[in-house]
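Coordinate analysis (summary)
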Amino acid sequence: MNGRIPHIVQYQGSKRMLASEILRYMPKKFNRLIEPFSGMAAISIAVAFQKRANEYHINDLNEPIVCLLQTVIENPAEIVDKYKRIWEEQFNFPDGHIEHFNYIRELFNAGDKSAENMLYLLARCVKGAVRYGKNRNFNQSPDKRRNGTKPTTIATNVHAISHILKGRVLFSALDYRRVLEIAKPGDLVYMDPPYQGVTNTRDNRYFSGVNFDEFVSAVAVLNRNQVDYIISYDGICGEKEYGSELPQELNCTKILLDAGLSTQATLLGKRHTTYEALYISQNLSLPIDITQRQLTLLESVV
Ligand SMILES: C[S@@+](CC[C@H](N)C(=O)[O-])C[C@H]1O[C@@H](n2cnc3c(N)ncnc32)[C@H](O)[C@@H]1O
């Protein structure tokens, strides 16, 4: 399934490659998918591609990201055209394409947070990693080896995404807790909060940190309100566990997804498979073939 699902641009932490696995735990059909931590909305796009939900709520605290998604879905021709113009401009730039990236980044930081500027920065920056400095400025560097996704590839993907989602999405750029307040039975909430990080230092890979206890309380409210949800939360790579477990009193089922070989470990000369945890709310039924395989996996890696 992954090969055919359209995607806009690389985004650090994207669940694109795990989408088909994650969708196995969702009901065949449901009314509304709510993604409070949408990033590039890989899961909303995959669900829409399979026509599983009628409506979608895409939310991310990072407003330019939401503006980009909204423009892609509602005005595809406009973003395709504007991206092409910016992308081509880099070859005419007197000091080369790195200078051009820096110029667009300066425009963005000076206040022009248009969808096309965000798209170009994501397409050109290292690992598609959105990083902001203390002054809230976008400070990620350009990937010097690449010129960024070609406009023709962007055009194909953007039109495909707009085709499956246009007219069905509510967009917002709020803290996730505000979005959870509107969830009701019949909705499915998919949450992919920023990782808790692999060290004790503050993880600033994402726009904002999420407090663990506040997150657990927000999930408990979903339980009380009988809203179904799926959470991607932490992971295991080799012997290292990332992040804290979600507490048992939430009554979720924990599943481990095989996310493949860790690129970080491979760079260090080790071969470690990464497992990403998925927490499934109590009322969602599990696919029949999953239970035994997962129990064995949990026993072997935990
Ligand atoms: C792991 S990424 C999500 C990736 C996404 N699943 C995808 O496939 O592209 C986490 C996202 O949470 C957003 N975020 C961080 N703090 C947030 C908050 N308090 N409320 C809503 N979104 C938040 C970040 O901007 C980031 O885009």
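Computed from a predicted structure; not experimentally measured.

**Points about the overall build of the protein**
Per the secondary structure count, the protein includes eleven helices and eight strands. Burial status across the protein gives 37% buried among its 302 residues.

**Some words on the packing of helix 5 (residues 97-109) against helix 6 (residues 115-124)**
One way to put it is that helix 5 packs onto helix 6 with a least axis distance of 10 Å and a crossing angle of 140 degrees. Comparing their axes, helix 6 and helix 5 come out oblique. Classified by chirality, the crossing of helix 6 by helix 5 is left-handed. Counted together, Phe-101, Ile-104, Arg-105, Leu-107 and Phe-108 of helix 5 and Asn-117, Tyr-120, Leu-121 and Arg-124 of helix 6 form the full contact between these two elements. Across the contact of helix 5 with helix 6, the residue classes tally to six nonpolar, one polar and two charged.

**Focus on the confidence of the model for the protein**
When pLDDT is averaged along the protein, the result is 87; 83% of the residues meet or exceed 70. Confidence over residues 198-207 falls short of pLDDT 50; this stretch has 17 contacts with residues more than four positions distant or in other chains.

**As for the packing of helix 4 (residues 76-92) against helix 7 (residues 151-165)**
Contact geometry of helix 4 with helix 7 gives a least axis separation of 9 Å together with a crossing angle of 165 degrees. The angle between helix 4 and helix 7 falls in the class roughly antiparallel. Crossing handedness for the pair helix 4 and helix 7: right-handed. Of helix 7, the residues touching helix 4 (which contributes Pro-76, Ile-79, Val-80, Tyr-83, Lys-84 and Trp-87) are Pro-151, Ile-154, Ala-155, Val-158, His-159 and Ser-162. Counted by class, the contact of helix 4 with helix 7 contains nine nonpolar, two polar and one charged residues.

**Re the nonpolar core**
Among the nonpolar cores identified, the biggest contains 69 residues, and Leu-119 and Val-189 are the most heavily contacted of them. Looking at this core, the element that brings in the most residues is helix 6, giving seven residues. Not counting residues within four places of it along the chain, the set of residues in contact with Leu-119 comprises Val-9, Leu-68, Ile-79 and Tyr-83.

**Observations regarding the environment of Glu-276**
Counting through the fold element by element, Glu-276 comes out in strand 8 (residues 273-280). Residue classification places Glu-276 among the buried positions, given that 23 C-beta atoms sit within 10 Å. Taking C-alpha positions, Glu-276 is 6.6 Å from Asp-258, a pair spaced 18 residues apart along the chain.

**A short note on unusual backbone geometry**
A positive phi angle is found at Ala-41, which is not glycine, with a value near 60 degrees. For Ala-41, the position within the fold is in the loop between strand 1 (30-35) and helix 2 (42-49). Although it is not a glycine, Arg-136 adopts a positive phi angle of roughly 70 degrees. Summarising the element assignment, Arg-136 is placed in the loop between helix 6 and helix 7. Judged by the 9 C-beta atoms lying within 10 Å of it, Arg-136 is exposed.

**What to know about helix 5**
Taking 1.5 Å of rise per residue, the 13 residues of helix 5 would be expected to cover 18 Å, and the 18 Å separating its terminal C-alpha atoms lies within 8% of that figure. Those residues of helix 5 that fall on the buried side of the exposure criterion are His-100, Phe-101, Ile-104 and Arg-105. Buried residues along helix 5 cover an arc of 135 degrees about the axis, so they all sit on one side. Within helix 5, the exposed residues directed more than 90 degrees away from the buried face are Glu-99 and Glu-106. Those residues of helix 5 that are buried lie in contact with helix 4 and helix 6.

**Brief notes about the environment of Ile-182**
Locating Ile-182 in the fold gives a position in the loop between helix 8 (176-180) and strand 4 (187-191). When the C-alpha atoms of Ile-182 and Ile-34 are compared, they prove to be 9.6 Å apart, with 148 residues separating the residues in sequence.

**A closer look at helix 3 (residues 63-74)**
Counted at 1.5 Å a residue, the expected span for helix 3 with its twelve residues is 16 Å, and the 16 Å between its end C-alpha atoms agrees. Those residues of helix 3 that sit buried are Pro-64, Ile-65, Val-66, Leu-68, Leu-69, Thr-71, Val-72 and Ile-73. Taken together, the buried residues of helix 3 touch strand 2 (53-59), helix 4, helix 6, helix 7 and strand 3 (169-172).

Parameters at a glance
- Residues numbered from 1 in each chain as written.
- Predicted model: local features only at pLDDT ≥ 70, side-chain atom pairs only at ≥ 80, totals over all residues.
- Helix = DSSP H or I, 4+ residues; strand = E, 2+ residues; numbered from the N terminus.
- Buried ≥ 20, exposed ≤ 12 C-beta atoms within 10 Å, placed from the backbone.
- Axes fitted to C-alpha atoms, helices over the stretch in contact; angles between N-to-C directions.
- Parallel < 35°, antiparallel > 145°, perpendicular 65-115°, else oblique.
- Left-handed = near helix turned anticlockwise from the far one by under 90°.
- Contact = placed C-beta atoms within 7 Å.
- Nonpolar A, V, L, I, M, F, W, Y, C, P; charged D, E, K, R; others polar.
- pLDDT = per-residue confidence, 0-100.
- Core = buried A, V, L, I, M, F, W, Y, C linked by C-beta atoms within 7 Å.
- Expected span 1.5 Å × (residues − 1).
- Arc of directions from axis to C-beta.

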